[in-house]
Amino acid sequence: MATSKIKYSEDELVSALKRNERTAFDFLYDHYSGALFNIITKTLRDEERAADVLQESFLKIWKNIASYNPEKGRLFTWILNIARNGAIDAVRMEGRKPAMDDIDDRAVQNEPDAGQESMVSSSEMKAIINMLRPERKILIDMAYFQGYTHEEISEELNIPLGTVKSRIRTALQELKNYFAV
């Protein structure tokens, strides 16, 4: 696609999307579909169904872009919520709880005894990370589980590098506070 050479600021992208410009929608898909697919897949645990929900999400984004209000939050947060809600709805239609709700209450509520070694399982860690705000959770996932550098995250999500670094720092502080005894 020729969209790889086109660059948009968030305001320009939103304006172009609201004018129903195909190149803007292609840009949005190219730059955000990977992150959204990962979130949807983690919720659904089924790549084929996740691909369907991703397409449904982008259709909903296209149809509802006029309702996006930049004063209420960033574009990424808005589209992330659309995708995540689509994934949650798909999980509920299957009759099970979403992955982000798969938290073992005992692991969250019980603190280890004073002499007991504190070990956190992978599933518990994922549950804890899922409690972060979506815009922080995706950054932690990309940086620490998918191996992206801060610069790659900035480029992939079209977020300023300083914002990526400060959100990761804030997310790590939140996680640190969770583990503080």
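Computed from a prediction, not measured in an experiment: that's the story for all the values here.

### Here we look at the overall build of the protein
Secondary structure summary: the protein contains 9 helices and 0 strands in total. Along the chain direction, N to C, the helices and strands of the protein fall in the order α-α-α-α-α-α-α-α-α. When burial is assessed residue by residue, the protein has 38% of its 181 residues classed as buried. Considering only residue pairs separated by 6 or more positions, the protein has 60% of its internal contacts joining residues 24 or more positions apart. Carbon and sulfur atoms form 49% of the exposed surface of the protein, whose accessible area is close to 10900 Å².

### With respect to the packing of helix α1 (residues 10-18) against helix α2 (residues 22-44)
A pair of packed helices is captured by two measures, namely the crossing angle of their axes and the spacing between those axes. Contact pair α1 / α2: the axes reach a minimum separation of 8 Å and the direction vectors enclose 130°. The angle between the axes of α1 and α2 places the two elements in the oblique class. Here Leu13, Ala16 and Leu17 of α1 come into contact with α2, specifically with Ala24, Phe25, Phe27, Leu28 and Tyr32.

### A word on unusual backbone geometry
In this model, asparagine 20 sits at a positive phi of 60°, which is unusual for a non-glycine residue. For asparagine 20, the location among the structural elements is in the loop between α1 and α2. Positive phi, normally seen in glycine, also occurs at asparagine 158, with a value near 55°. For asparagine 158, the location among the structural elements is in the loop between α8 (150-157) and α9 (161-179). Here asparagine 158 falls in the partly exposed class, since its relative accessible area comes to 25%.

### Topic: the nonpolar core
Counting residues in each nonpolar core, the largest one holds 47 residues, and the members touching the most others are Leu13, Leu28, Leu75, Ile79 and Leu157. At the level of secondary structure, the elements contributing two or more residues to this core comprise α1, α2, α3 (47-64), α4 (75-93), α6 (122-129), α7 (134-145), α8 and α9.

### Regarding the pattern of salt bridges
Tallied over the entire structure, the rule returns 8 salt bridges. With a shortest N-O distance of 2.2 Å, aspartate 141 and lysine 42 are connected by a salt bridge. Residue aspartate 141 is found in helix α7, and its partner lysine 42 is found in helix α2; the two are separated by 99 residues along the sequence. Between arginine 136 and glutamate 174 there is a salt bridge, and its shortest N-O distance comes to 2.1 Å. Of this pair, arginine 136 sits in helix α7 while glutamate 174 sits in helix α9; the two residues are 38 residues apart in sequence, bridging distant segments of the chain.

### Quick word on α1
Because an α-helix completes one turn every 3.6 residues, residues spaced three or four positions apart along the sequence face the same direction. Here α1 has its buried residues at Glu10, Leu13, Val14, Ala16 and Leu17. Along the axis of α1, the buried positions cluster into a sector of 165°, meaning they face one direction only. Just past α1, the residue asparagine 20 takes up positive phi, approximately 60°.

### Here we look at the packing of α2 against α4
As a packed pair, α2 and α4 sit with axes 9 Å apart at the nearest point and diverge in direction by 35°. Crossing handedness for the pair α2 and α4: right-handed. Across from Leu28, Tyr32, Ala35, Leu36, Ile39, Ile40, Thr43 and Leu44 in α2, the residues of α4 making contact are Leu75, Phe76, Ile79, Leu80, Ala83, Arg84, Ala87, Ile88, Ala90 and Val91. Per-class residue counts for the contact of α2 with α4 are 16 nonpolar, 1 polar and 1 charged.

### Overview of the confidence of the model for the protein
Summarising the model, the protein shows a mean pLDDT of 77, and 76% of its residues fall at 70 or more. Here residues 98-119 is modelled with pLDDT under 50, and outside its nearest four sequence neighbours on either side it reaches 22 contacts, counting other chains as well.

Cut-offs used in this document
- Residues numbered from 1 in each chain as written.
- Predicted model: local features only at pLDDT ≥ 70, side-chain atom pairs only at ≥ 80, totals over all residues.
- Heavy atoms only, no water.
- Helix = DSSP H or I, 4+ residues; strand = E, 2+ residues; numbered from the N terminus.
- Buried < 20%, exposed > 50% of the residue type's maximum accessible area, 1.4 Å probe, protein only.
- Contact = heavy atoms within 4.5 Å.
- Areas by Shrake-Rupley, 256 points an atom, 1.4 Å probe, with all protein chains shown as cover.
- Axes fitted to C-alpha atoms, helices over the stretch in contact; angles between N-to-C directions.
- Parallel < 35°, antiparallel > 145°, perpendicular 65-115°, else oblique.
- Core = buried A, V, L, I, M, F, W, Y, C linked by side-chain atoms within 4.5 Å.
- Salt bridge = Lys/Arg side-chain N within 4 Å of Asp/Glu carboxyl O.
- Arc of directions from axis to C-beta.
- Left-handed = near helix turned anticlockwise from the far one by under 90°.
- Nonpolar A, V, L, I, M, F, W, Y, C, P; charged D, E, K, R; others polar.
- pLDDT = per-residue confidence, 0-100.

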